[in-house]
Amino acid sequence: MAYETLIVETRGAVGLITLNRPQALNALNSTVLKELLQAYEAFQDDDAVGAMVLTGSERAFAAGADIKEMQPLGYVDVYSRDLMSGWDDVAKVRKPVIAAVSGFALGGGCELAMMCDLIIASETAKFGQPEITLGVIPGMGGTQRLTRAVGRYKAMDLILTGRMMDAAEAERAGLVSRVVAPERLMDEALEAAAKIASLSRPSVLMAKEAVNRALETTLDEGLRFERRLFHSLFSTEDQKEGMTAFIEKRKPTFKNR
Ligand code: CAA
């Protein structure tokens, strides 16, 4: 499949998607959204792929939603087409996705990173929600996901002033899973994704589902949900294999069933 705004490839059991609009610092336009959904769906349906890495360029993960595409639109245009709602589907992909972030992750770029499950950042990464400086507010989940990630006061600071934070501050704030030297970024992300892809697929999918549920429900309901999923994994061959391999002091061979 030929993509106009993405480079899509596989590295072993890892699907690697690179945003590729260098002339616009990977600004997220409607073509990027359409193609990203296609790429996710293809990897979701591919049994040989266990996890994905989403990255941009050295200069920019993505500098936001495409301002040139949005600038002429009026209220009726954006309301009628429910502008940005398509990104909700990006966040719903079931296999784990690691964002490998170098350079700018601003506005929709920061929001896209937050739709991923791990954020691995180069020391050069800069995160921010500068929409307020354009006379709008975040529209791809920034006010909700950033607040859940870093708390109300840090989120207010970033969203009300539009300032950027560097990778070290983002890590301290809890937005970033790991910060690495620029030259380590892709190896670190691909190795983490390969590790996830090597594990039992049902337990990986359920772990992601359970962690995400923590953001949406009460502790009591979340604990019940976790326990039910935990119980259900005892119906898999991989549970027997994983625990037997531990006792026999050997590596497990998972069949993803
Ligand atoms: N949309 C469209 N084009 C963009 C863009 C964006 N979000 N960000 C950068 N570009 C384009 C620039 O217009 C420029 O194109 P031209 O050469 O044709 O003029 C090219 O990318 C390079 O950018 P700069 O010359 O500005 O590069 P710089 O190094 O001087 O600055 C930057 C880099 C600080 C990231 C600056 O480009 C910038 O501030 N970008 C916009 C960031 C922003 O406001 N993002 C939020 C967008 S709104 C949003 O995302 C809404 C939402 O929540 C859904």
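The structure this text deals with has already been given above.
Residues numbered from 1 in each chain as written. Predicted model: local features only at pLDDT ≥ 70, side-chain atom pairs only at ≥ 80, totals over all residues. Heavy atoms only, no water.

Could you give an account of the packing of helix α10 (residues 201-213) against helix α11 (residues 219-232), naming the residues involved and the relevant values?
Two elements in contact, α10 and α11, have axes separated by 10 Å at closest approach and are oriented at 175°. It follows that α10 is roughly antiparallel to α11 by the angle criterion. Across from Met-206, Glu-209, Ala-210 and Arg-213 in α10, the residues of α11 making contact are Phe-225, Leu-229 and Ser-232. Counted by class, the contact of α10 with α11 contains four nonpolar, one polar and two charged residues. (Axes fitted to C-alpha atoms, helices over the stretch in contact; angles between N-to-C directions. Helix = DSSP H or I, 4+ residues; strand = E, 2+ residues; numbered from the N terminus. Parallel < 35°, antiparallel > 145°, perpendicular 65-115°, else oblique. Contact = heavy atoms within 4.5 Å. Nonpolar A, V, L, I, M, F, W, Y, C, P; charged D, E, K, R; others polar.)

Tell me about the site of the ligand, and please be specific about residues and values.
Not every one of the 24 residues close to the ligand is listed here, only the nearest: Arg-59, Ala-65, Gly-108, Glu-111 and Glu-131. A distance of 2.7 Å separates an oxygen atom of the ligand from a polar atom in the side chain of Arg-59. The separation between an oxygen atom of the ligand and a polar side-chain atom of Glu-131 is 2.5 Å. When the ligand is considered free in solution it has 980 Å² of accessible area, and contact with the protein chains removes 66% of it. Elements with a minimum of two residues in the shell around the ligand: α2 (67-70), β6 (104-106) and α5 (108-114). It is α2 that provides the largest number of residues to the shell around the ligand, a total of three residues. Partitioned by chemical class, the residues of the shell around the ligand number 14 nonpolar, five polar and five charged. (Near = heavy atom within 4 Å. Polar contact = N/O pair within 3.5 Å; in protein donor to acceptor, adjacent residues only side chain to side chain. Areas by Shrake-Rupley, 256 points an atom, 1.4 Å probe, with all protein chains shown as cover.)

Tell me about the pairing of strand β7 (residues 118-122), and name the residues and values.
In regular strands, side chains alternate between the two faces of the sheet. β7 sits mainly inside the fold: four of its five residues count as buried. Two elements, strand β5 (residues 97-101) and β7, share four bridges in a ladder whose sense is parallel. Each residue of the ladder has a partner; that of Ala-100, found in β7, is Ile-120. Of the pairings in the sheet, the one linking β7 to strand β10 (residues 178-180) comprises three bridges and is parallel in character. Bridging from a neighbouring strand, Ser-122 pairs with Val-180 of β10. (Buried < 20%, exposed > 50% of the residue type's maximum accessible area, 1.4 Å probe, protein only. Pairing = 2+ DSSP bridges.)

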